[in-house]
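Structure at a glance
One-letter residues, chain by chain:
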Amino acid sequence: MSTVADEARAIADAWSAPGSPPSWWLTAALLSAVAEDEVLQDLGAAIPPDRRPALLLSAALTAVSTAGADPVRRYFPVPGGTQPPDDGGFRPALAALVRDRRERIAELCARHRYQMNEVTRSIDVLPVLGAVAAETGRPLALVDLGTGAGFGLRPDRYGYEYTLPDGTVRAVGSGRLTVRCTVRGTAVPPLPDGLSVTARVGVDVEPSDLTDPATAAWLAACVPPEVGAVTRFAAAVDLARAEPAEIVRGDLLEVLPAVVSRLPADTAICLVDTYVHVFLGPERLARFRELVTGLGRDLDWISVDPLVPLGPEATTTVQGLDVPPHWLAENRDGGVFGVIGRVSVRGGVASAQLLGRAHPGGSWLEWG
């Protein structure tokens, strides 16, 4: 139980750090409840650790809270609306709901897995995709690993706005949906003028069918209950339904060779995962690293994954990259951030770069 509580508390801390937007309060309060409520701790103890029980419980709570007319529903935002304020009544209302709907929460956790589809994470990947395109001079063939609903398959369909350290805003691309972040620190990421993606395919053990109302509702429950996030999710769903992309069902270790083998020869292959490889155990992660170099194609593996679920003693990323000591210290203190890395394979030889880090909700990016 302490592991579930520690994980929930670490994520809550990331959503309640000094200077956090007021609209983040509900996400932090929800995860804090998972860390502190005795009933939720009991439920979390029954969930296998590799299914990320803290996050799974938060999604189940959101699903239950927004499905009925319970008093707790009024605290959750709707797409295009505003963030309901914290009036002090959320935690008592949630505690009552948990005790009344305990069996339903347990049922949801047993039936589903946590699937976070945050389209803003494309803002962390865009600079790396742009660099690959510039270096190779080729259009991109994008393979989104653990694609879920496939939001990561359309980085060329979104607009981006980066608020740079000097306060200026750099806009890249355009689309039905614009995602935004603040660049922290002093380094500015290399931003492309645009992207050319000529092939795209997702891989997922359990692809999400957005035409199924129940599936779409569960994915919506996995989104942090922050008005910007739920509004982005709704817009991304509309785009995905309007422009469907190929998604291959299967274990990525098993199906990836066939997927890569049929990608056009004149493209730059980019394998992208955001908060996916951290769900692999050490043995499967080691197998994936070996697989990447043995696919027989030049390619780049771009990863955005956290350190926290690897434990407070983590010293490397999922790609095996060393990280700065102060990042490790922040990780031990409960910080949550995604580490951005790139593994390039050329002629069967791999080289790796640690590029930066970012908030899992996409609000900030730190390069270099």
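This part covers the overall build of the chain. Summing up its helical and strand segments, the chain has twelve helices and eleven strands in all. Projecting the C-alpha coordinates of the chain onto the three principal axes gives extents of approximately 60 × 45 × 45 Å. Counting the 368 residues in the chain, one finds 55% classified as buried. Once local pairs closer than 6 in sequence are excluded, the contacts in the chain between residues at least 24 apart make up 70%. As displayed, the chain has an accessible area near 15,200 Å², and 52% of this comes from carbon and sulfur atoms. Taking the average location of the 33 positive side-chain charges in the chain and that of its 44 negative ones, the two points are 3 Å from each other.

All right, on to the nonpolar core then. Judged by nonpolar contacts, the single largest core of 47 residues is most densely connected at Phe90, Leu94 and Ile105. Those elements giving two or more residues to this core turn out to be α1 (2–14), α2 (25–36), α3 (38–45), α4 (53–67), α5 (90–100), α6 (102–111) and α8 (213–222). Beyond its immediate stretch of four places on either side in the chain, Ile105 contacts Leu43, Leu57, Ala60, Leu61, Val64 and Val98. By size, the runner-up hydrophobic cluster in this structure holds 44 residues, among which are Val179, Val183, Leu355 and Trp367.

One pass over the structure, following the stated rule, counts eight aromatic pairs. A centroid spacing of 5.8 Å and a plane angle of 85° characterise the contact between Trp25 and Phe90, whose relative ring orientation is edge-to-face. With a gap of 65 residues between them, Trp25 in helix α2 and Phe90 in helix α5 connect regions that are remote in the sequence. Of the residues examined, Phe90 reaches a relative accessible area of 1% and is grouped as buried. Pairing Tyr75 with Phe90 gives two aromatic rings, centres 5.6 Å apart and planes at 75°, and the pair type is edge-to-face. In this pair, Tyr75 sits in the loop between α4 and α5 while Phe90 sits in helix α5, placing the two residues 15 residues apart along the sequence. In this structure, Tyr75 and Phe90 share a single accessibility class: buried.

Here we come to the side chain of Asp273. With respect to the element layout, Asp273 can be found in strand β7 (residues 268–274). It is Arg121 that comes nearest to the buried, bridge-free Asp273 among opposite-charge side chains, at 9.0 Å. Looking at Asp273, its side chain comes within polar contact range of the side chain of Trp301, at 2.9 Å. Apart from residues lying up to four places away in sequence, Asp273 is in contact with Leu145, Trp301, Ile302, Ser303, Val304 and Asp305.

Taking strand neighbours across the sheet as the criterion, the eleven strands line up as β3-β2-β4-β11-β10-β9-β8-β7-β1-β5-β6 in an open arrangement whose pairing is mixed. Pairing within the sheet leaves two strands with one partner each, and these edge strands are β3 (169–172) and β6 (246–249). Going from strand to strand, the sheet's axes swing by 25° on average, the running direction of each strand aside. Pairing geometry for strand β4 (residues 178–184) and strand β11 (residues 364–367), over three bridges, is parallel. Note that in β11 the partner of Thr182 across the bridge is Trp364. Docked against the sheet, helix α10 (residues 252–261) engages β1 (140–145), β5 (197–204), β6 and β7, running at close to 160° with respect to β5.

Right, let's get into the pairing of β5. Across the eight residues of β5, seven count as buried, placing the element largely inside the fold. Two elements, β1 and β5, share six bridges in a ladder whose sense is parallel. Its bridge partner lying in β5, Leu140 is registered against Val197. Where β5 meets β6, four bridges bridge the pair, whose relative direction is parallel. Bridging across to β6, Asp204 finds its partner in Arg249.

Looking now at the layout of surface pockets. Space left empty within the atom packing is revealed by a probe, the size of a water molecule, rolled over the atoms. If you add up the space inside the second largest pocket, you get close to 840 Å³. As for the second largest pocket, its lining consists of 37 residues, of which Ala216, Ala217, Trp218, Ala220 and Ala221 are closest to the centre. Elements supplying a minimum of two residues to the lining of the second largest pocket: α4, α6, α8 and α9 (227–242). The element that contributes the greatest number of residues to the lining of the second largest pocket is α8, accounting for nine residues. Among the residues forming the lining of the second largest pocket, the class breakdown is 23 nonpolar, seven polar and seven charged.

Rules used throughout
Along each chain, residues carry numbers from 1 onward, in the same order as the chain's sequence is written. Reporting of local features is limited, given that this is a predicted model, to residues whose pLDDT is at least 70; pairs of side-chain atoms are given and counted only at 80 or more, and all residues count toward the totals for whole chains, interfaces and linings. Note: side-chain values were computed over all heavy atoms of the structure, leaving out hydrogens and water. Helix and strand assignments come from DSSP, with helices taken as H or I runs of at least 4 residues and strands as E runs of at least 2, each series counted from the N terminus. For the exposure calls, accessible area comes from a 1.4 Å probe over protein chains only, and a residue counts as buried if that area is under 20% of its type's maximum, exposed if over 50%, partly exposed in between. We call two residues in contact when some of their heavy atoms are within 4.5 Å. Reported accessibility uses the Shrake-Rupley method at a 1.4 Å probe radius. Residues are deemed covered only where the shown protein chains occlude them. Under the counting rule used here, the positive set is Lys and Arg, the negative set is Asp and Glu, and His together with the chain ends is not counted. A charge is said to be at NZ when it belongs to Lys, at CZ for Arg, at CG for Asp and at CD for Glu. To qualify as a nonpolar core, a set must consist of buried Ala, Val, Leu, Ile, Met, Phe, Trp, Tyr and Cys residues joined through side-chain atoms within 4.5 Å. Ring geometry is summarised as follows: Phe, Tyr and Trp rings, the Trp one being its six-membered ring, pair when their centres sit within 6.5 Å, and such pairs are stacked at plane angles under 30 degrees, edge-to-face over 60 and tilted between the two. Salt bridges are counted wherever a side-chain nitrogen of Lys or Arg sits within 4 Å of a carboxyl oxygen of Asp or Glu. Nitrogen and oxygen atoms within 3.5 Å of one another constitute a polar contact, given that in protein one can donate a hydrogen and the other can accept it, and given that sequence-neighbouring residues count only through two side-chain atoms. Two strands qualify as a pair provided that DSSP identifies no fewer than 2 bridges between them. Axis lines are fitted through C-alpha atoms, for helices just across the contact stretch, and the angle between N-to-C directions can take any value from 0 to 180 degrees. Using a 1 Å grid laid over the protein atoms alone, points where a 1.4 Å probe fits but cannot get out form a cavity; open sets with protein on both sides within 12 Å along at least 5 of 7 lines form a pocket; any residue with an atom within 4 Å of a point counts as lining. Grid points are joined across faces, edges and corners, and a volume is the space filled by probe spheres set on the points. Each residue receives one of three labels: charged for Asp, Glu, Lys and Arg, nonpolar for Ala, Val, Leu, Ile, Met, Phe, Trp, Tyr, Cys and Pro, and polar for the others, Gly being one of them.

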